[in-house]
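Close look at the chain arrangement
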Amino acid sequence: MKKLLALGFLSLFMGSQAHAGFIGTITGADMAGIEVTATFSDGSANEELVWSATDAVSGGVTGSDWSLTQSGETFGEFDGVNVIGAWILSSANAALESVIINLGSGFVFDTEFGDASANGSGPGREFVSSTPIGWDFSGLVQDELYSTLTLSDFGTGEVQFLIDTDQVTVNAPATLSLILLALGGLAMRRKKA
């Protein structure tokens, strides 16, 4: 009985050890549900918006006199003429002070070029923008992976930027633990018989 209890505790421990995995090919449409908050320097109320898909590979939010969109794979690429996969922040409101992109627990910003940490997130991309703006990552998830990006100092007009996002998946080995527990119980029972 003691051995069976020990095996049960070991199986429970193994089952509680979930491992994060990552899906690296993410588009603007895939990120539906993330939260974007805009703050204003003139005392206007913050705008908290939920990202939605606009077509099969695009998504975004639209506030009062500003918008943030992304189309194509977020890793992005340059085809010699166009930047593909860029995020586009457009603002006609001079009071727009910051835009905070909160990916929640389902996605991460993969902020280092290549697979620097070998954590399974695959190649990432450092933040690059078409014009100098303020940017800051927060909500460290693991190594170079963050959950939140704050943009500031962008003025009016349009800013394009690239930053890679990955989707977080959790592979919990609970099924394997239960199978091991059942096999251990059968083995213990067989020894008694």
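Preceding this paragraph is the structure being described.
The text that follows walks through the structure, step by step, so that each part is easy to find.

Counted by the stated rule, this structure contains nine aromatic pairs. On the numbers, 4.9 Å between centres and 25° between planes, the contact of F127 with W135 is stacked. Taking relative accessible area as the criterion, W135 reaches 43% and is therefore assigned partly exposed. The residue whose ring lies beneath R125 is F75, and the NZ or CZ to ring-centre distance is 4.4 Å.

Our next topic: the nonpolar core. W66, L68, W87, I101, L149, L151 and F161 are the most contacted members of the largest nonpolar core, which has 27 residues in total. Within the residue set of this core, elements represented by two or more residues are strand 2 (35–40), strand 6 (66–71), strand 9 (87–91), strand 10 (96–102), strand 11 (107–110), strand 14 (145–152) and strand 15 (157–162). Sequence-distant contacts of W66, defined by excluding residues within four places in its chain, comprise V36, A38, F40, E47, L49, V61, L89, S90, S91, L96 and V99.

The general pattern is negative phi for most residues beyond glycine and trans for most peptide bonds. Here D65, not a glycine, exhibits a phi torsion of approximately 65°, which is positive. Among the secondary structure elements, D65 is positioned in the loop between strand 5 (58–63) and strand 6. Here D65 falls in the exposed class, since its relative accessible area comes to 52%. Positive phi, close to 45°, is recorded for D143, a residue that is not glycine. In this fold, D143 is placed in the loop between strand 13 (134–142) and strand 14. Classification of D143 by relative accessible area gives partly exposed; the value is 44%.

To continue, consider the pairing of strand 3 (residues 47–50). Strand residues, when the strand is regular, have side chains that alternate between the two faces of the sheet. Summarising the sheet, strand 2 and strand 3 pair through four bridges and their orientation is antiparallel. Bridging across to strand 3, A38 finds its partner in E47. In this antiparallel pair of consecutive strands, strand 2 and strand 3, the connection spans six residues, and G43 shows a positive phi of 90°.

Conventions adopted
The numbering scheme is per chain: residues are counted from 1 as the chain's sequence reads. Local features in this predicted model are restricted to residues of pLDDT 70 or higher, and side-chain atom pairs are both shown and tallied only at a pLDDT of 80 or more, whereas totals for entire chains, interfaces and linings draw on every residue. Heavy atoms from the whole structure form the basis of all side-chain values; hydrogens and water molecules are not counted. Note on ring pairs: Phe, Tyr and Trp rings are taken, using the six-membered ring of Trp, and paired if centres are within 6.5 Å. Classes follow the plane angle, with under 30 degrees stacked, over 60 edge-to-face and the rest tilted. Each residue's exposure class comes from its accessible area (1.4 Å probe, protein chains only) as a fraction of the maximum for that residue type: buried when under 20%, exposed when over 50%, partly exposed otherwise. Here, a charge over a ring means that NZ of Lys or CZ of Arg falls within 6 Å of the ring centre while also lying within 35 degrees of the ring normal. Residues grouped as a nonpolar core are buried Ala, Val, Leu, Ile, Met, Phe, Trp, Tyr and Cys residues, joined through side-chain atoms within 4.5 Å. To qualify as a helix, a DSSP run of H or I must reach at least 4 residues; to qualify as a strand, a run of E must reach at least 2; elements of each kind are numbered from the N terminus. By the convention used here, residues are in contact when the closest approach between their heavy atoms is within 4.5 Å. Here, any two strands with at least 2 DSSP bridges between them count as paired.

Read these as spatial facts, not as claims about activity.
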